[in-house]
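Read off the chains here:
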Amino acid sequence: MRKILIVAAIATAVALGCLNTEVVSAQNKNAGAKMAKPKSLYSRLGGKKAITAVVDEFVNNCAADTRINKFFADTAKDKKRLGKFKNNLVNQICQASGGPCKYTGKDMKTAHKGMGISGADFDALVEDLVKALDKFKVGATEKNELLGALGPMKGDIVGQ
């Protein structure tokens, strides 16, 4: 009986030792995965091509939005100016989301000086952006991160 107990104890110890090795190995693999660099917001948005599609939809939403389309009327009339505007928006979002682009347009205070944009106007603009993001099924996390990156500009846009 004593021999059986000793053999059973040794077998249990060996089995637990193997199990512990597998658990530690799995934990190390998971730790490595957690330490891997997370994808940038830019990558999760789909890169420049996807950002360009969202900007095109966003500009269309703004043009159709009677609450704010007056702010874009002159730009919409001039194809060259509209193209530059869209390109600046793409680069701004690209840069804000961690992409390789550089925004080279005017700072927000200068760009919006004298426009008299109200908080309600800004909120309408955000709604139009969210509508564009929703059309392309941008995830809630990415949407919130992007809005969080762009939101601080509000103070430089409203009331200028």
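Residues numbered from 1 in each chain as written. Predicted model: local features only at pLDDT ≥ 70, side-chain atom pairs only at ≥ 80, totals over all residues. Heavy atoms only, no water.

On to the overall build of the protein chain. Scanning the protein chain for helices and strands turns up 9 helices and 0 strands. When the helices and strands of the protein chain are read in sequence order from the N terminus, they spell out α-α-α-α-α-α-α-α-α. Burial status across the protein chain gives 28% buried among its 160 residues. Long-range contacts, defined here as pairs at least 24 residues apart, represent 73% of the contacts in the protein chain between residues at least 6 apart. Of the roughly 10600 Å² of accessible surface on the protein chain, a fraction of 59% belongs to carbon and sulfur atoms. (Helix = DSSP H or I, 4+ residues; strand = E, 2+ residues; numbered from the N terminus. Buried < 20%, exposed > 50% of the residue type's maximum accessible area, 1.4 Å probe, protein only. Contact = heavy atoms within 4.5 Å. Areas by Shrake-Rupley, 256 points an atom, 1.4 Å probe, with all protein chains shown as cover.)

Moving on to the state of the cysteines. Note: disulfide means a covalent bond formed between the sulfur atoms of two cysteine side chains. Summed over the entire model, instances satisfying the criterion amount to 1 disulfide. Here cysteine 94 is linked by a disulfide to cysteine 101, with a sulfur-sulfur distance of 2.2 Å. Taking the torsion about the S-S bond as the criterion, the cysteine 94 to cysteine 101 disulfide, at about 75°, is right-handed. An identical accessibility class is assigned to cysteine 94 and cysteine 101; each is buried. (Disulfide = S-S within 2.5 Å.)

Turning our eyes to something else, we now look at helix α8 (residues 140-150). Taken together, the buried positions of α8 are Glu142, Lys143, Leu146 and Leu150. The buried residues of α8 occupy one face: seen down the axis, they fall within an arc of 100°. Opposite the buried face of α8, by more than 90 degrees, sit the exposed residues Ala140 and Asn144. Packed against the buried residues of α8 are α2 (41-45), α5 (79-96), α7 (119-135) and α9 (154-157). (Arc of directions from axis to C-beta.)

With that settled, the discussion passes to the side chain of aspartate 121. Note on placement: aspartate 121 falls in helix α7. We note that aspartate 121 is buried and unpaired, the nearest opposite charge coming from lysine 70 at a distance of 4.6 Å. (Lys, Arg positive; Asp, Glu negative; His and termini not counted. Salt bridge = Lys/Arg side-chain N within 4 Å of Asp/Glu carboxyl O.)

Tallied over the entire structure, the rule returns 9 salt bridges. A salt bridge links glutamate 142 to arginine 44; the nearest nitrogen and oxygen atoms lie 3.2 Å apart. Here the residue glutamate 142 occupies a position in helix α8, and arginine 44 occupies one in helix α2, the gap between them amounting to 98 residues. On the accessibility criterion, glutamate 142 (17% relative accessible area) is buried. A salt bridge links arginine 67 to glutamate 127, with the shortest nitrogen-to-oxygen separation between them at 3.0 Å.

As a further point, take the confidence of the model for the protein chain. Looking at the protein chain, pLDDT values average 84 and 78% of them are 70 or higher. Of all secondary-structure elements in the protein chain, the lowest mean pLDDT belongs to helix α1 (residues 2-35), at 45, while helix α3 (residues 47-64) reaches the highest, 97. Predicted confidence for residues 1-24 stays below pLDDT 50, and this span has 0 contacts to residues more than four positions away or in other chains. (pLDDT = per-residue confidence, 0-100.)

Of all hydrophobic cores here, the largest spans 29 residues; its most connected members are Ile51 and Val55. Contributing elements (two or more residues each) for this core: α2, α3, α5, α7 and α8. For this core, the element with the highest residue contribution is α3, accounting for 6 residues. Setting aside chain neighbours within four positions, we find valine 55 in contact with Lys86, Leu89, Val90 and Ile93. (Core = buried A, V, L, I, M, F, W, Y, C linked by side-chain atoms within 4.5 Å.)

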